[in-house]
Structure formats: C-alpha cells, structure tokens
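A closer look at the structure
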Amino acid sequence: MNNFHFTALPPLSLYIHIPWCVRKCPYCDFNSHAVREEVPESDYVDALLNDLEQELPHIWGRTVETIFIGGGTPSLFSAQAIDRLLSGIRARLPLKPDLEITLEANPGTVEQSKFEGFRAAGINRLSIGIQSFDNQQLQTLGRIHSSEEAHKAIDCAQRAGFDNLNIDLMFGLPGQSLDEALSDLQTAINKQPSHISWYQLTIEPNTLFHSQPPELPDHDTKTDMSSQGKSLLEKHGYTQYEVSAYSQAGKQCRHNLNYWRFADYVGIGAGAHGKITDAAKQRITRTLKPKQPRDYLNFAGSPVATENLTVLQPEEAVFEFALNHFRLQESFKISEFTISTGLPYTAIADHIESAISHGLLTMDNHKIKHTEQGWLFLDDLIARFLPE
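Residues numbered from 1 in each chain as written. Predicted model: local features only at pLDDT ≥ 70, side-chain atom pairs only at ≥ 80, totals over all residues. Heavy atoms only, no water.

**Quick notes on the nonpolar core**
General note: in soluble globular proteins, nonpolar side chains tend to be found buried as a group. By size, the foremost hydrophobic cluster in this structure holds 65 residues, and its most contacted members are Leu14, Ile69, Ile82, Ile89, Phe115 and Ile123. Those residues in contact with Ile89, other than ones at most four positions away along the chain, are Leu14, Ile16, Leu49, Leu52, Ile67 and Leu95. Counting 26 residues, the second-largest nonpolar core is a separate cluster that includes Phe4, Phe326, Ala347 and Leu378. (Core = buried A, V, L, I, M, F, W, Y, C linked by side-chain atoms within 4.5 Å. Buried < 20%, exposed > 50% of the residue type's maximum accessible area, 1.4 Å probe, protein only. Contact = heavy atoms within 4.5 Å.)

So, in structure tokens, the structure goes:
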C-alpha cells in the first residue's frame, strides 16, 4: 500500500459534544448521561475552550467551515452559555464568513425565548429530535416530550427565525404499521422544515432495547416504510442526498457532508471524536476525548485529554473513505479521493474495479458512483473496501 502524500488539506469542521440529557432513551448508544444534579454549564464551557486551546497547534491557519453542537441534549444549556462558547471559539479560530452553526435540541428543554437566545448567539441551523408525533410511540421510546410539545417546539423555532431547520424522525418503531409510519412522516412534512432525517430504528449494543428488545416490524414492512417514505418526501420537494437525510434545495447539512466526504474535524467535549490531517507529518490522526463528564471536566486542556490518538494506516483510510462517501448519493472524482486521503488512485483502484465488475459502481469521466444495485446493497459494496 502506498504512503500518504498530501498536497492540499481537506475542509475543516468543529464538533462540540454536550453529554447531558434529561433521561437516557432506551435506544440511544451515544455518549449521553442523564442529569442527576444541576448541569455545570459554566465549568463545561471553560473546559471546552481549554480543550480547543490544546487542539489549536494541530490546525494553525485553517478556517473552520461548519460547527455542530451535538449531544446529549445541548438545548439544556442556556443561551448565555452557548453565546459565551461561540464567542470564545470566534476569538480563537478563523471562521468562514457564512459558516453553518447547528445546535441539537429536544422538545421539552426549550421555549420561545431560549430559541431566540440561541439565534442571537449565532446558531443558524437547528436540529430537533422529534422521533415521532405519536404519543404512544414517544412513551415507548422513552422520550420526555408529548406530540403537542413536539409541534410547539417546531413552531417556536420557526417563529424565532430558524429557516434552516431539521426534524429527526424514526421509522420501524415497536408495533408500528406502514400507515402509522407514513402518517408520522406526513406530519413532519406538513411543518415544512428545510431538512428531514428519516431513519430506521436499529437496536444497538449497550442499550436498554438491546437487553430488553421490543417487537419491531418485519423486514418487508420496514423496507416498504423506507421506500414509500422516500417517495412521499420526494413528492413534497425533499431530495435524498444521504442514506437517512432529505433536504429542500440547497439545505443539505454542510457539517454532515464534511464527514461523509472524509474531510477533517476537530472534536471537543466529553467523548468527542476528531479527525485531523497533518501535512507536515504526512499522516491522519483520530482523537477521542474522555467519555465521562467528570473525567472530561478534570482533564480537558491537559495532555491526558489527548493521549488517545490513533494514526490511520493507508488501507484504513481507503476503507474509511469508502465507508463515508458511499453513504452519499453524489459521485466523487478520483482527484477528490486523492485530496481527501493523500493517496494515489492505485490505492483504491482494485476495489473500484471489482465493484464495477459486480455491477455495484460505475465510472464515467473519472467520476465514481454507485449503481442502483450498489445503493440497494450498500453494506455489500462497502465490505469490498475492508482492509485484507
């Protein structure tokens, strides 16, 4: 396998993790922790900025193109805390003038004035975790909000001026019928957000649903939910650009696109991941911060917080590029592979040619894209790029 040789650096994003939530949902495998006492938001903002300070030498001179504040439930924090955080970031990093700044929010943790405060602080994209508009399903999923509160949260966000708004919605829920799933989706569409994340509930290890699995719809029903949901979304002007993401024209999530295109991102916060390309050392490193909030608060900004470094091998970079990029509907150019990975096309050529010969990919004018069969059997396609 060839060695890395970077002639340019990929775009750079910033991910910020806020790990607390009101209650841990039984399907959730993210690094989230139920609030047991008052959230130490001031100390945590200090820790985040200290963490960022430690990352700065790795990204000197690079401009951040997107910021994403995820969790947990970041909307538990006050607008004042988010404002102080973003002000601290602006003082330390060059930011793209029109950068996208997303904050995740959950109904039941926000009200009109809080949305207005987030907007004033500089948040210009909101992602609301609705998951369902059905009260019975919300109870089964362990959500803290009702259908009425879900509607209210969306309305409040739109009144606060958020015209770049995502709604998270799941299908394949316990006992859910096809009609119920499509009705849920139609309700979301009727709210006219700019973006809808429509994804299937999966049972992940280390969750309550894994140890106490609910009865989910059968495979054929879930397949119908996915395909008919896609048709319904497209009928109303939402285009699928990623496995679980649909948007109105020009409203794709730029931060997530950065992930899927195998670009770089700094990760700060408890359990946050990062990926940084180092042209001087000709390598790609992945970082992971301490997962437990208490540990993170104790160690953020110290060498201990950055000891967990993984240096990618070239064959791993090839696989990760494929794993990410093939989630997108768009094609990619051979030159984009070279810029993102620092590797020549020969590093991936055999995998590409094998996938083409099996009808999973096409190549036209140096652009590579999956076929309809490749999209349908995406796991099989990606498996062809696993390191041997």
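**Thoughts on helix α1 (residues 41–55)**
With 15 residues, α1 should reach 21 Å at 1.5 Å per residue; the first-to-last C-alpha distance of 21 Å fits that figure. Buried residues along α1 sit against β1 (12–18), β2 (20–21), α2 (79–92), β11 (264–269), β13 (283–288) and α10 (293–299). (Helix = DSSP H or I, 4+ residues; strand = E, 2+ residues; numbered from the N terminus. Expected span 1.5 Å × (residues − 1).)

**A look at the sheet that holds strand β16 (residues 361–364)**
Overall, antiparallel pairing links the 3 strands, which are arranged β15-β17-β16 in an open sheet. Two strands bound the open sheet, and with one partner strand each, they are β15 (332–333) and β16. As defined by bridge partners, β15 adjoins strand β17 (residues 367–370) across 2 bridges and the pair is classed as antiparallel. Looking at the pairing, Lys333 lines up with Lys367 of β17. (Pairing = 2+ DSSP bridges.)

**Some remarks on unusual backbone geometry**
Note that the residue after Gly71, namely Gly72, is joined by a cis bond; omega there is 25°. Its location among the elements puts Gly72 in the loop between β4 (64–71) and α2. Phi angles above zero are rare outside glycine, and Asn365 is one such case at about 55°. In this fold, Asn365 is placed in the loop between β16 and β17. Among the residues examined, Asn365 registers a relative accessible area of 65% and is labelled exposed. Residues other than glycine seldom take positive phi values, yet His366 does so here, at roughly 65°. For His366, the location among the structural elements is in the loop between β16 and β17. Assessed through its relative accessible area of 53%, His366 is described here as exposed.

**With respect to the packing of α1 against α2**
Look at α1 against α2: their axes get within 10 Å of each other, and the N-to-C directions meet at 15°. The angle between α1 and α2 places the two elements in the roughly parallel class. Crossing hand, α1 versus α2: right-handed. Residue-level inspection shows Glu41, Ser42, Val45, Asp46, Leu48, Leu49, Leu52 and Glu53 of α1 in contact with α2, the latter providing Ala81, Arg84, Leu85, Gly88, Ile89 and Arg92. Here the residues of the contact of α1 with α2 sort into 7 nonpolar, 2 polar and 5 charged. (Axes fitted to C-alpha atoms, helices over the stretch in contact; angles between N-to-C directions. Parallel < 35°, antiparallel > 145°, perpendicular 65-115°, else oblique. Left-handed = near helix turned anticlockwise from the far one by under 90°. Nonpolar A, V, L, I, M, F, W, Y, C, P; charged D, E, K, R; others polar.)

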